[in-house]
Amino acid sequence: MEVTLKVLRFNPETDTESHFEEYKVEADPMDRLLDLLHEIKWYQDHSLAVRRSCGHGICGSDAVVVNGVNRLACKILVKDLPSEITVEPIRGMPVIRDLVVDMEPFFAGYRAVKPWLITDDREHEPDRERIQSPEERARFDDTTKCILCAACTSSCPIFWSDEEYVGPAAIVNAHRFIFDSRDSGADERLQILSSKNGAFKCRTAFNCTDACPRGIKVTMAIQEVKQAALYRSV
Amino acid sequence: MPNNVHIYDAVIVGAGGAGLRAALEASKGCKTAVVSKMYPTRSHTGAAQGGMCAALANVEEDSWEWHAFDTVKGGDFLSDQDAVDVMCQEAVESVLDLERMGLPFNRTPDGKIDQRRFGGHTRNHGEAAVKRACYAADRTGHMILQTLFQQCNKQGVEFYNEFFVLDLIIEGGVCGGIVAYEIATGEIHTFRAKAVLFATGGYGKMFKITSNAHTLTGDGPGLVYRKGLPLEDIEFFQFHPTGLYRLGILLSEAARGEGGILRNGDGERFMERYAPTIKDLAPRDMVSRAEFFEIKEGRGAGPNKDYVLLDLTAVDPEVVEAKLPDITEFARTYLGVDPLKEGVPTVPTAHYAMGGIPTNVNTEVLRSAHGEVVPGFYAAGECACVSVHGANRLGTNSLLDIIVFGRRGGLGMAEHAARTKLIDIPDDVAKPSEDWIASLTDGQSPEPIAAIRKDLQEEMWDKVSVLRTDEGLGQAINSVAHLRERYAKARVKDRSKVFNTELVEHIELGFIIDMAEALVISAKARTESRGGHYREDHQKRDDEHWLKHTFINKTPDGDTRLAYKPVTMGRYEPVERKY
Ligand SMILES: Cc1cc2nc3c(=O)[nH]c(=O)nc-3n(C[C@H](O)[C@H](O)[C@H](O)COP(=O)(O)OP(=O)(O)OC[C@H]3O[C@@H](n4cnc5c(N)ncnc54)[C@H](O)[C@@H]3O)c2cc1C
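The rules behind each value
Residues numbered from 1 in each chain as written. Chains lettered and ligands numbered in written order. Predicted model: local features only at pLDDT ≥ 70, side-chain atom pairs only at ≥ 80, totals over all residues. Heavy atoms only, no water. Pairing = 2+ DSSP bridges. Helix = DSSP H or I, 4+ residues; strand = E, 2+ residues; numbered from the N terminus. Near = heavy atom within 4 Å. Polar contact = N/O pair within 3.5 Å; in protein donor to acceptor, adjacent residues only side chain to side chain. Areas by Shrake-Rupley, 256 points an atom, 1.4 Å probe, with all protein chains shown as cover. Nonpolar A, V, L, I, M, F, W, Y, C, P; charged D, E, K, R; others polar. Domains from an automatic or database assignment. Contact = heavy atoms within 4.5 Å. Buried area = accessible area lost by both parts, 1.4 Å probe. Salt bridge = Lys/Arg side-chain N within 4 Å of Asp/Glu carboxyl O. Disulfide = S-S within 2.5 Å. Buried < 20%, exposed > 50% of the residue type's maximum accessible area, 1.4 Å probe, protein only. Phe/Tyr/Trp six-rings, centres within 6.5 Å; stacked < 30°, edge-to-face > 60°. Lys NZ or Arg CZ within 6 Å of the ring centre and 35° of its normal.

Caption draft 1: Region of the structure containing the sheet that holds strand β5 (residues 128-134) of chain B. Residue and element names in this part refer to chain B. The strand order β3-β5-β4 describes an open sheet built from three strands, whose pairing is antiparallel. Edge strands, defined here as strands with exactly one partner in the open sheet, are β3 (52-53) and β4 (115-123). In terms of strand pairing, β3 meets β5 through two bridges, oriented antiparallel. The partner of M52 across the bridge, within β5, is C134.

Caption draft 2: Up close: the site of the ligand. Residues and elements named next belong to chain B. In the neighbourhood of the ligand, 39 residues make up the surrounding shell, with S43, T45, E382, S398 and L399 lying closest. Between the ligand and the protein, one listed contact pairs an oxygen atom with a side-chain N or O atom of S43 at 2.7 Å. One nitrogen or oxygen atom from the side chain of S398 is found 2.7 Å from an oxygen atom belonging to the ligand. Here the ligand has 1000 Å² of accessible area as a free molecule, and 98% of this is covered by the chains. For the shell around the ligand, the secondary-structure elements that each account for two or more residues are α1 (17-29), β2 (32-36), β7 (163-171), β14 (344-353) and α11 (397-419). Taken together, the residues of the shell around the ligand sort by class into 16 nonpolar, 19 polar and four charged.

Caption draft 3: Main features of the domain arrangement of chain A. All names here are of chain A. Domain boundaries assigned for chain A yield domain 1 (2-101) and domain 2 (104-231). Between domain 1 and domain 2, the contact holds 15 residues from the first and 16 residues from the second. Counting the surface lost from both domain 1 and domain 2, the interface buries some 1200 Å², and carbon and sulfur atoms represent 59% of this. If you sort the residues of domain 1 by the area they bury against domain 2, N70, R91 and M93 come out on top, with a joint share of 38%. At the surface where domain 1 touches domain 2, the tally comes to one salt bridge.

Caption draft 4: A look at the pattern of salt bridges. For the structure shown, the criterion picks out 81 salt bridges over all chains. Linking E99(B) and R107(B) is a salt bridge whose minimum nitrogen-to-oxygen distance equals 2.8 Å.

Caption draft 5: Looking closely at the state of the cysteines. Residue and element names in this part refer to chain A. Scanning the model with the defined rule gives zero disulfides over all chains in all. The cysteine C59 is free of any disulfide, with C54 supplying the nearest cysteine sulfur at 3.9 Å. Given a relative accessible area of 5%, C59 falls into the buried group. Residue C156 stays outside any disulfide, its sulfur separated by 6.7 Å from that of C208, the closest cysteine. Classification of C156 as buried rests on a relative accessible area of 9%.

Caption draft 6: Quick peek at unusual backbone geometry. Residues and elements named next belong to chain B. In the segment running from V386 into S387, the intervening peptide bond is cis, with an omega of 5 degrees. By secondary structure assignment, the location of S387 is in the loop between β18 (384-385) and α11. The residue A137 is not glycine, and still its phi comes out positive at about 45 degrees. Within the secondary structure, A137 is located in the loop between β5 and α4 (140-155).

Caption draft 7: Spatial organisation of helix α2 (residues 104-112) of chain A. Listed as buried for α2(A) are P105(A), F106(A), F107(A), G109(A) and Y110(A). On its buried face, α2(A) sits against α6 (168-178) of chain A together with α4 of chain B. Where α2(A) terminates, the next one or two residues include K114(A), which has phi positive at roughly 55 degrees.

Caption draft 8: Layout of the interface of chain A and chain B. Counting from both sides, the interface comprises 66 residues of chain A and, opposite them, 64 residues of chain B. In this assembly, chain A and chain B are joined by six salt bridges. With a shortest N-O distance of 2.9 Å, D494(B) and R97(A) are connected by a salt bridge. Within the residue set of the side of chain A that touches chain B, elements represented by two or more residues are α1 (33-44), β6 (95-97), α2, α3 (134-139), α4 (141-144) and α6 of chain A. Broken down by element, the side of chain A that touches chain B gets its largest block of residues, five residues, from α1(A). A class-by-class count of the residues in the side of chain A that touches chain B yields 31 nonpolar, 13 polar and 22 charged.

Caption draft 9: Spatial organisation of the packing of aromatic side chains. Under the counting rule described, the total for this entry stands at 23 aromatic pairs over all chains. When the ring of W546(B) is compared with that of Y564(B), the centres are 5.4 Å apart and the planes differ by 75 degrees; the resulting orientation is edge-to-face. Taken together, the residues span a long stretch of sequence, with W546(B) in helix α16 (residues 543-546) and Y564(B) in strand β20 (residues 560-566) at a distance of 18 residues. Using a relative accessible area of 10% as the deciding quantity, one classes W546(B) as buried. Judged by its relative accessible area of 27%, Y564(B) falls in the partly exposed class. An aromatic cluster is present here, built from F106(A), F107(A), Y110(A), Y39(B), F149(B) and F159(B) joined pairwise through their rings. A cation over a ring is seen here: K548(B) above W546(B), with NZ or CZ 4.9 Å from the ring centre.

And the structure:
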């Protein structure tokens, strides 16, 4: 079958603003959108810029806006799309070129919540592993799945209008530690997330949950963090 | 000083598991930078699924010595046994260390790190399968990569992301840094350093069907090869038995560790015929070969009888959903098959490079088969060959390798930096790289490079994958030479300096061609079958002539030369590999 792709293009060296370009591609229903972008890049228009690596939804390189919603190009198949497909870069971050955006604002939000294990026994570390029950481990399982693709954060209307907002992915990564029984940094993180650029900016639009290619219940994680911040109880 | 010159003690190329583990260690002792062509979390370590092994004995009796035996036997006795001992002894501490960094391993009912079975790992020298793989569902690599990235952020490690390394600086036989291309701007940067570590990962993209990322193109080993330095055991490439049909996306061996069974088109559990004791959990080379034979002899499944089925229907659905969630989703998403209800069409997929840049156990790169090193130059992870995996790597031994030898690399660099000075390098050290990039956009291309890449991948798959012959390898050598000529005429059409990914792919293809050349030449010379290298015309292992490592290098006039290095033996004498 033939599909039409309209891709939002922008090259800062030659363009003053972005514009759509249209391509016709022969496709199989089981093709990934990434396969079509490759077909364009490899045989029709070599200049198309897109990030990608693993090609099966794990590395998080190729989040794009597909017909208005955020998806990984390697995880959405032609059979689930109409025959006219619009592809745009994710929103809320400066476009470097075509579908490639500057990820630095996203990673800045991530780093702001101290996404690493904080313990008070660093000096006297156990010689074996720390003990954690399967139930304690299950408590934060969902948020360990995050691949930092930015699909959630760049789908959030609050993030679009306010770059200072840490964004859903950062809160997800804070959640991953706040609810980890081995971690003792919850207070520090909840303080950061209670500040004006933190979790309370969330207006539960649910775009993030819909956008997550890993099926993380992002909005719920944010709600749990807000609860924890209000009651300081983890 | 010219623009874009950076000075560090240690520069690490690659931000996968090996690179990040090295960075954590090196940056404690000296000024360190990590240079990576991708954001760290995009590295293919994140795709690793099944586990990382260590004889923790949390679930069953186990010992590092049994682990070492399995590694050597799995490697068809080509592993250097001193290096294997180092890896298996340090395994336990490596896993515990990751746990203490916060890695969320699955847990036993009493809260310890849980362990499960994996191919080729046994108790007491082959008696029965043992639970040795530590895991986090089927996302172990993801958790390792995330945990190491978290720790690097905590420690303030300096990153140069989306910088593509083009050249390795060697002056008077000593390593002095690297030259890199900044993808976002097209600028060339020079990094001077006392120590450089390559951790650039594998090169499965030379094959049509692979579990490897688009970006796994052998840039590190390719660069080493271009410098005239040797590569080791490149003919040994692992084909994993369960790649998704046509796509090659991996379904972890953990699927069989949890009870999955392989069936042919007649519904027969064919591994019973090939490995009566451990059946579906035999080492990967044996299972992949068995699949090829089943298909070749007309017992494949499907309308074209060209795949086998991975049957998970007898495994408890709760176990499948809880311990194998990602691969279940891959089958559903990409093939539209529900593993809870039906067999998943699978084929062998090009998976792992046992060979690579030769190093000693301290990750110092070897200059020749005699064992002298290149001072200041280190390599670790899949791009390196220590050699612990010999002719065939056991599952879960690579995540272990990258952590053990990544750490050793970091320590080694910090020590080296403490006792040496920056070497002098010419002012125009970046000139060859600048000229090279300029030449790529000079002129018209007769064909898109994608066409060249596709032909290479198909040729390598048809003639140089699971089953090899002298004739096929001879043809492949000619094809690769011909593809190299086509490549030399190709040019980059996109002239932009900003995020020119056509240019990046162009450079990557050049490295894959180098690696394909080294592979086919090494493979043709080795007239025996061992581990991942199977010759239909020499079906037996030949220890009398071939119990040795291949070293291949390019001479200044462009020829290739083969040399051999004896295997370091130890407790285990070669015996026939039966399971
Ligand atoms: C699907 C899959 C599943 C696997 N599952 C397991 C498992 O369960 N257990 C196990 O033990 N092993 C497993 N393996 C193998 C294991 O994951 C890899 O061998 C290992 O992760 C490699 O790590 P690395 O750090 O060497 O390289 P990678 O993680 O591949 O990282 C390479 C790095 O090098 C950088 N780089 C490359 N070229 C350049 C350049 N020119 N300039 C700058 N930077 C560059 C990249 O940006 C990247 O950061 C699996 C492999 C695959 C493909």
